[in-house]
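Structural characterization, general
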Amino acid sequence: MTEVELAAGIARDAELAAAYRVCREIAAAHGRTYFLATRLLAARRRPAVHALYAFARIVDDIVDHPTLDAEHGPAGELDLVEKQLRVALEQDVRAVHGPAERTDVLIALADTIRRYDIAPQHFWTFLDSMRMDVPGTARFHASYATMTDLREYMRGSAAAIGLQLLPVLGTVVPVAEAEPAAAALGEAFQLTNFLRDIAEDLDRGRIYLPADELAAFGVDADLLAHCHRTGHTDQRVRRALAHLIAINRDLYRIANPGIDLLDPRVRPAIRTASTLYSGILERIEDADYAVFAGRAVVPRHHRLRVAAVEFTTAALHRS
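So, here is what we can say about the structure in this document.

Quick notes on the rules
Residues numbered from 1 in each chain as written. Predicted model: local features only at pLDDT ≥ 70, side-chain atom pairs only at ≥ 80, totals over all residues. Heavy atoms only, no water. Helix = DSSP H or I, 4+ residues; strand = E, 2+ residues; numbered from the N terminus. Buried < 20%, exposed > 50% of the residue type's maximum accessible area, 1.4 Å probe, protein only. Lys, Arg positive; Asp, Glu negative; His and termini not counted. Salt bridge = Lys/Arg side-chain N within 4 Å of Asp/Glu carboxyl O. Polar contact = N/O pair within 3.5 Å; in protein donor to acceptor, adjacent residues only side chain to side chain. Contact = heavy atoms within 4.5 Å. Expected span 1.5 Å × (residues − 1). Phe/Tyr/Trp six-rings, centres within 6.5 Å; stacked < 30°, edge-to-face > 60°. Axes fitted to C-alpha atoms, helices over the stretch in contact; angles between N-to-C directions. Parallel < 35°, antiparallel > 145°, perpendicular 65-115°, else oblique. Left-handed = near helix turned anticlockwise from the far one by under 90°. Nonpolar A, V, L, I, M, F, W, Y, C, P; charged D, E, K, R; others polar.

Topic: the side chain of Arg 267
Tracing the backbone through its elements, the reader meets Arg 267 in helix α14 (residues 267–286). One buried charged side chain, Arg 267, makes no salt bridge at all; its nearest oppositely charged neighbour is Asp 260, positioned 4.6 Å away. Of note is the side chain of Arg 267, whose polar atom sits 2.8 Å from the backbone oxygen of Leu 262. Setting aside its immediate chain neighbours within four residues, Arg 267 contacts Val 172, Ile 259, Asp 260 and Leu 262.

Notes on helix α5 (residues 73–90)
For α5, with 18 residues, the first-to-last C-alpha span of 25 Å sits near the 26 Å given by 1.5 Å per residue. Looking only at α5, the buried set comprises Gly 76, Glu 77, Leu 78, Val 81, Glu 82, Gln 84, Leu 85, Val 87, Ala 88 and Leu 89. Along its buried surface, α5 packs onto α4 (46–64), α6 (100–116) and α7 (121–131).

Side note on the environment of Gln 235
Relative to the helices and strands, Gln 235 is located in helix α13 (residues 235–255). Classification of Gln 235 by relative accessible area gives partly exposed; the value is 44%. For the pair Gln 235 and Gly 218, spaced 17 residues apart in the sequence, the C-alpha separation amounts to 9.9 Å.

Description of the packing of aromatic side chains
The final tally for this structure, using the stated rule, is nine aromatic pairs. Seen in terms of ring centroids, Phe 55 and Phe 126 are 6.0 Å apart; in terms of plane orientation they differ by 55 degrees. Their pairing is tilted. Of this pair, Phe 55 sits in helix α4 while Phe 126 sits in helix α7, placing them 71 residues apart in sequence. When sorted by exposure, Phe 55 lands in the same class as Phe 126, which is buried.

Some points on unusual backbone geometry
Residues other than glycine seldom take positive phi values, yet Asp 117 does so here, at roughly 55 degrees. Here Asp 288, not a glycine, exhibits a phi torsion of approximately 60 degrees, which is positive. Turning to its location among the elements, Asp 288 is positioned in the loop between α14 and α15 (300–318). Among the residues examined, Asp 288 registers a relative accessible area of 39% and is labelled partly exposed.

What to know about the pattern of salt bridges
One pass over the full model with this rule turns up 22 salt bridges. Among the salt bridges present, the one from Asp 263 reaches Arg 45, with a minimum N-O distance of 3.0 Å. Of this pair, Asp 263 sits in the loop between α13 and α14 while Arg 45 sits in the loop between α3 (32–38) and α4, and the two are 218 residues apart along the sequence. Given the relative accessible area of 4%, Arg 45 is considered buried. Residue Asp 250 is joined to Arg 253 by a salt bridge in which the shortest nitrogen-to-oxygen separation is 2.5 Å. Of this pair, Asp 250 and Arg 253 are both found in helix α13, three residues apart, which corresponds to roughly one turn of the helix.

What about the packing of α4 against α7?
When two helices pack together, their arrangement is given by the angle between the helix axes and by the axis-to-axis distance. Contact pair α4 / α7: the axes reach a minimum separation of 10 Å and the direction vectors enclose 25 degrees. The angle between α4 and α7 falls in the class roughly parallel. Remark: the crossing between α4 and α7 carries right-handed chirality. On α7, the residues touching Leu 52, Phe 55, Ala 56, Val 59 and Val 63 of α4 are Phe 123, Phe 126, Leu 127 and Met 130. Here the residues of the contact of α4 with α7 sort into nine nonpolar, no polar and no charged.

See below:
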């Protein structure tokens, strides 16, 4: 019997246990920072976190890496995923049929939603934001005019994920009191991704940085494209990135006090994720904002050092 099967209390259901294992494999392969942080959680919580991560990953892949043989195209695939999840929640998870990996993720996700009483609306909000990334759809946005517009997108793409996680993590206050900080932390993580992945997003024809904030420093889409072609960060872009990093750090400052509203046993894991993810901002600065020359990554030895400190803290909480 594996840790995942035992922790989730699902060992008697082989199909469900297998579905959770698929989610764990996806999280381990794609979410290095998050996967490391989940090792700080009690074993019984990890499968649900893996299921939530795996769902976000398969949806992201539908949008960013559409397959040529997809029957419905990205927009249709998102609609199909929503329909399948609704069927899984309202009728029977065994009625879900589709690609094997996706079916496994939906089986585990539906169990997680029921097990932790997560509001399904958070998943519909997430899927609505993902539709904003699909060219040719009514909701598509290749760029965002203002930070308000971008935060509306992040309400579904990031804040909703924080709200999905909250019932799994547990709180020492009513869940509603912890929701604003959880949403802010999701947004903080997302904005860090946008700052790190400017070049990758340009390759997909998207800009996730507010046009008005960029324009204040003389930066527009053409200048970003030029920087991407040359691999050189223009001084105007450096100043804009420094400004947006400051905004990003404000989000972390708003979010981090909310960690103390969580169950004490999960705080080390979330604090680790916040420390490591915000550390990406430092890596961008240390590289003189060379976001077009390479991806800012927190070194493995640093990730392990931060995790080790929090492992010790977690052990003290359990003792």
